[in-house]
Amino acid sequence: MRRDGGGPALRRGIRGGCAVTATVALIGANGHGKAHRRRIAELEQAGSVLLVALADVQPIEPDPPVPRGAAVFTDHRELLAAARPDVVVICTPPHTHLPIALDALAAGCDVLLEKPPVPNLDAHAILQAAVLSSGLACQVGFQALGSLAAQTLFDAVRAGRLGPLGSVATIASWRRDDAYYARASWSGRRVVDGRPVLDGVLVNPVAHAVMQGLAVAAAAGAGDPVLLEAERYRTRDIEVDDTAFARITFAGGLRMMAAATLAGEEFIAGSVIVTGSTNRAELEYPTDRLELPGITGPPGRVDLLENLVAHRRDRAGVALVAPLERTADFTAVVQALTGPGADPPMLIDDAFLESLGEGPQRVQVIRGINAVLREAAETLTLPSESGVAWAVPAYTVALAR
């Protein structure tokens, strides 16, 4: 259903007499969608895009304001038919990504699809086939891949500046309160309306660090990930993990550890740690701070929407930062962590937990968890292998591409 709309000037790509490169629509305009609205507004001020329509099943929140003349819909299919945008940004719950992205490609739109893109490799293959057959682009919202410091690290690994790699690790210690798990009907769930939900600490909140770690392995020529050994835990009444450890082995023998919690002690922002035979690097992915002797990573990031618009203008000359095919390894890991072969997360006994705060602001903290995370990242040892009292043996899944 359309709530309001604009005039024919919108389809000419003109507002206030200013020609723009691409018309853009946003599907999923609340929640994290508001961050996309702010970024689109910045690019609109620069004259490179024009927001012509938004869609959300809920009323559009007024801040940031909806631009005058931008049409508002409750059904994304009506938006696609009426607004016919050049580019669609999709920021809906993860389990809805595939059908909406397919509809957008069928309507002739290039797509910026929020992470995590799809739940499994079958869905990834379906979407990739649609991208190839349409000749259009699908960029995935792994904005940390646009980090110039990360690109510096990838280039250093590719050039052998660290020597042959011995290990890659990601580590993060955050906190999420009760309100976080009450924010949406899919939060903390495994299945909604018969569709798998992509949630869990490595799959959603810390997905950027996991993707950067996988990108380091790709830069090292490690081959496809072939094996995942995982331990997944929860500290509350949810269906997914809030603490997880995943050891990934690649075809060439390199191993990667991803260790993260949403029930942490002191804050660890999130780092990718790369250890080579001659050097060691650490990239703090939220801040793009790179520690690598003799090399300084420049500040800043390539904006994914801006990059997609530039790619649309010059498909041969401007490469996408985070094309769908680059995220296939991440999807393989997601499938292993959340799919049918995954063990359900183990509930940690209250004896090992501390509750802080009250009401919606209550958080759960695992006593000693940061030391466990650091040991896992440093030694690639899972908690059950280190004798952690609350740990249970890992489950193992072969990763197929």
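Residues numbered from 1 in each chain as written. Predicted model: local features only at pLDDT ≥ 70, side-chain atom pairs only at ≥ 80, totals over all residues. Heavy atoms only, no water.

Draft legend 1. View of the state of the cysteines. Within this structure, the stated rule accounts for 0 disulfides. Cys-91 forms no disulfide, and the closest cysteine sulfur to it belongs to Cys-138, at a distance of 14 Å. For Cys-91, a relative accessible area of 12% gives the class buried. Here Cys-109 stays unpaired: no disulfide links it, and the sulfur of Cys-138, its closest cysteine neighbor, is 12 Å away. (Disulfide = S-S within 2.5 Å. Buried < 20%, exposed > 50% of the residue type's maximum accessible area, 1.4 Å probe, protein only.)

Draft legend 2. The environment of Leu-399, seen in detail. In this structure, Leu-399 sits in the segment after β22 (395-398). Excluding its chain neighbours within four sequence positions, the residues that come into contact with Leu-399 are Pro-225, Val-226, Leu-227, Leu-228, Ile-248, Ala-332 and Ala-336. (Helix = DSSP H or I, 4+ residues; strand = E, 2+ residues; numbered from the N terminus. Contact = heavy atoms within 4.5 Å.)

Draft legend 3. Structural view of the nonpolar core. Counting 114 residues, the largest nonpolar core has Leu-127, Leu-202, Leu-214, Leu-228 and Leu-337 as the members making the most contacts within it. The dominant element in this core, judged by the number of residues it contributes, is helix α7 (residues 207-219), at 9 residues. Residues in contact with Leu-214, not counting those within four places in the same chain, are Ile-248, Phe-250, Met-256, Asp-329, Phe-330 and Val-333. (Core = buried A, V, L, I, M, F, W, Y, C linked by side-chain atoms within 4.5 Å.)

Draft legend 4. Structural detail: the packing of helix α2 (residues 76-83) against helix α3 (residues 97-106). α3 packs onto α2 with a crossing angle of 15° between their chain directions and a minimal axis gap of 10 Å. As summarised for this structure, α2 and α3 are arranged roughly parallel, according to the angle between their axes. In terms of crossing hand, the pair formed by α2 and α3 is right-handed. Of the residues in α3, those in contact with His-76, Arg-77 and Leu-80 of α2 are Ile-100, Asp-103 and Ala-104. Grouping the amino acids of the contact of α2 with α3 by side-chain chemistry returns 3 nonpolar, 1 polar and 2 charged. (Axes fitted to C-alpha atoms, helices over the stretch in contact; angles between N-to-C directions. Parallel < 35°, antiparallel > 145°, perpendicular 65-115°, else oblique. Left-handed = near helix turned anticlockwise from the far one by under 90°. Nonpolar A, V, L, I, M, F, W, Y, C, P; charged D, E, K, R; others polar.)

Draft legend 5. Spatial organisation of α2. Those residues of α2 that sit buried are His-76, Leu-79, Leu-80 and Ala-83. Down the axis of α2, the buried side of the element spans an arc of 100°, and every buried residue falls inside it. Residues of α2 that are exposed and point more than 90 degrees away from the buried face comprise Arg-77 and Ala-81. Among the structural elements, β4 (22-27), β5 (49-55), β6 (71-73), β7 (87-90) and α3 are those in contact with the buried residues of α2. The opening residue of α2, the one whose side-chain oxygen lies 2.7 Å from the backbone nitrogen of Arg-77, is Asp-75. (Arc of directions from axis to C-beta. Polar contact = N/O pair within 3.5 Å; in protein donor to acceptor, adjacent residues only side chain to side chain.)

Draft legend 6. Representation of the side chain of Asp-110 within the structure. As for its placement among the helices and strands, Asp-110 is situated in strand β8 (residues 110-113). The exposure class assigned to Asp-110 is buried, which follows from its relative accessible area of 0%. Within polar-contact distance, the side chain of Asp-110 engages the side chain of Arg-312 at 2.6 Å. If we ignore the near neighbours within four places in the chain, the residues touching Asp-110 are Asp-86, Val-87, Val-88, Leu-136, Ala-137, Leu-308, Arg-312 and Arg-315.

Draft legend 7. Inspection of the packing of aromatic side chains at higher detail. For the structure on display, the rule yields 4 aromatic pairs. Pairing Phe-142 with Phe-330 gives two aromatic rings, centres 4.9 Å apart and planes at 75°, and the pair type is edge-to-face. Taken together, the residues Phe-142 in the loop between β9 (138-140) and α5 (148-158) and Phe-330 in helix α9 (residues 328-338) connect sequence positions 188 residues apart. A single burial state applies to Phe-142 and to Phe-330, both of which are buried. On the basis of an interplanar angle of 85° and a centroid distance of 4.9 Å, the ring pair of Tyr-233 and Trp-390 is categorised as edge-to-face. Placement of Tyr-233 in strand β13 (residues 225-234) and of Trp-390 in the loop between α10 (369-379) and β22 is noted, with a sequence separation of 157 residues between them. Each of the two residues, Tyr-233 as well as Trp-390, counts as buried. Three or more aromatic residues link up through ring pairs in this structure, and these residues are Tyr-233, Phe-245 and Trp-390. (Phe/Tyr/Trp six-rings, centres within 6.5 Å; stacked < 30°, edge-to-face > 60°.)

Draft legend 8. Structural context of the pattern of salt bridges. Under the definition given, this model contains 20 salt bridges. Put simply, Asp-75 and Arg-77 hold a salt bridge, and the shortest N to O gap is 3.1 Å. A salt bridge links Asp-110 to Arg-312, with the nearest nitrogen and oxygen atoms 2.6 Å apart. With Asp-110 in strand β8 and Arg-312 in helix α8 (residues 304-313), this residue pair connects regions lying 202 residues apart in the sequence. (Salt bridge = Lys/Arg side-chain N within 4 Å of Asp/Glu carboxyl O.)

Draft legend 9. A look at the pairing of β13. Burial of β13 is extensive: 8 of the 10 residues sit out of reach of the surface. The pairing of β13 with strand β14 (residues 243-250) spans 8 bridges and is classified as antiparallel. Within β14, the position partnered with Leu-228 by the bridge is Ile-248. As paired strands, β13 and β22 are joined by 4 bridges and run antiparallel to one another. Paired with Leu-227 across the two strands is Ala-398, which belongs to β22. As paired strands, β13 and strand β19 (residues 346-347) are joined by 2 bridges and run parallel to one another. Opposite Tyr-233, over in β19, you have Met-346 as the bridge partner. (Pairing = 2+ DSSP bridges.)

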